[in-house]
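Structure assessment
Residues per chain are reported as follows:
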Amino acid sequence: MRVGFNLHPAYRNSGGRVEYVAPDLSHMRVRLPLTWRTRNVFGTLFGGSLFAITDGPLPTMLMAALGSDVVVWDQEASIHFRQPGRETLYADFRITPEEVEAVRAAIAREGRTRRSYTIELKDKEGTVHTVVERTVYIADKAHYKTKTQGDSPQ
């Protein structure tokens, strides 16, 4: 999984690198170094790279935890810059067993759910530089097919 993310052109071009993937895919750690490829005109980390490294891990982790009977879409996102990134930043993504059970319960009740996750990009001392909020749409495949008929989830 780590190698797959790091080799994928869209992810690779963000400048980010997946450093760690837990064997059960419950945790991923991503690193974004400040290099000539990730530096903006102000000499700090490019906002697009900060945003891009948060795209993909959560849906991938949820699909792995929930199985092939669900559809997972990264549906919505926002970014808040607290302070400029002048060094390597790190993002940790975690999906707990309790979260997986809550998603399963919501899908069993409604056929679908939307879940919001907050990702903090921190330096090596733990100072938060950027916060990304991502909303993920998750649905039972049968529900998804009958309700959306292939359209984007609503």
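Up top is the structure these notes are about.
Residues numbered from 1 in each chain as written. Predicted model: local features only at pLDDT ≥ 70, side-chain atom pairs only at ≥ 80, totals over all residues. Heavy atoms only, no water.

We now examine the overall build of the protein. Broken down by element type, the protein carries six helices and six strands. Of the regular secondary structure in the protein, the N- to C-terminal order runs α-α-β-β-α-α-β-β-α-β-β-α. Seen through its principal axes, the protein has C-alpha atoms that stretch 50 × 30 × 30 Å. Relative to its 154 residues, the protein shows a buried fraction of 44%. For the protein, the exposed surface amounts to about 8500 Å²; the carbon and sulfur share of it is 51%. For the protein, the centre of its 21 positive side-chain charges and the centre of its 18 negative side-chain charges are spaced 5 Å apart. (Helix = DSSP H or I, 4+ residues; strand = E, 2+ residues; numbered from the N terminus. Buried < 20%, exposed > 50% of the residue type's maximum accessible area, 1.4 Å probe, protein only. Areas by Shrake-Rupley, 256 points an atom, 1.4 Å probe, with all protein chains shown as cover. Lys, Arg positive; Asp, Glu negative; His and termini not counted. Charge placed at Lys NZ, Arg CZ, Asp CG, Glu CD.)

In this section: the pairing of strand β1 (residues 17-21). When β1 meets strand β2 (residues 27-32), the two strands line up antiparallel, connected through four bridges. Within the sheet, the bridge partner assigned to tyrosine 20 lies in β2 and is arginine 29. If you look at the hairpin formed by β1 and β2, you'll find five residues sitting between the two strands, and leucine 25 has a positive phi there, around 60°. (Pairing = 2+ DSSP bridges.)

Next up on the list: the environment of lysine 124. Here lysine 124 is to be found in the loop between β5 (112-122) and β6 (128-140). When the C-alpha atoms of lysine 124 and leucine 89 are compared, they prove to be 7.1 Å apart, with 35 residues separating the residues in sequence. In contact with lysine 124, other than residues within four places in its own chain, are Glu87, Thr88 and Tyr90. (Contact = heavy atoms within 4.5 Å.)

Turning next to the packing of aromatic side chains. Summed over the entire model, instances satisfying the criterion amount to zero aromatic pairs. Geometry around phenylalanine 51 places arginine 134 over its ring, the cationic atom sitting 4.8 Å from the centre. (Phe/Tyr/Trp six-rings, centres within 6.5 Å; stacked < 30°, edge-to-face > 60°. Lys NZ or Arg CZ within 6 Å of the ring centre and 35° of its normal.)

Turning our attention to the environment of tryptophan 73. Here tryptophan 73 is to be found in strand β3 (residues 70-81). Exposure remark for tryptophan 73: the relative accessible area of 34% places this residue in the partly exposed category. Taking the C-alpha atoms as reference points, tryptophan 73 and arginine 17, separated by 56 residues in sequence, lie 22 Å from one another.

The next thing to look at is the sheet that holds β1. With antiparallel pairing, six strands are arranged side by side in an open sheet as β1-β2-β4-β5-β6-β3. Looking along the sheet, the strands with just one partner apiece sit at the ends: β1 and β3. On average, each strand axis in the sheet is inclined to that of its neighbour by 20°, with strand direction left out of account. In this structure, β2 lies alongside strand β4 (residues 89-94), joined through six bridges in antiparallel fashion. Its bridge partner being in β4, methionine 28 is matched across the sheet by phenylalanine 93. Lying on the sheet, helix α5 (residues 97-110) is in contact with β3, β5 and β6; it crosses β5 at an angle near 155°. (Axes fitted to C-alpha atoms, helices over the stretch in contact; angles between N-to-C directions.)

Of all hydrophobic cores here, the largest spans 31 residues; its most connected members are Leu62, Phe93 and Ile138. Among the secondary structure elements, those contributing two or more residues to this core are β1, β2, α4 (57-66), β3, β4, α5, β5 and β6. When residues of this core are assigned to their parent elements, the largest contribution, four residues, is made by α4. Those residues in contact with leucine 62 that sit more than four places away from it in its chain are Val72, Ile95, Tyr117, Val136 and Ile138. (Core = buried A, V, L, I, M, F, W, Y, C linked by side-chain atoms within 4.5 Å.)

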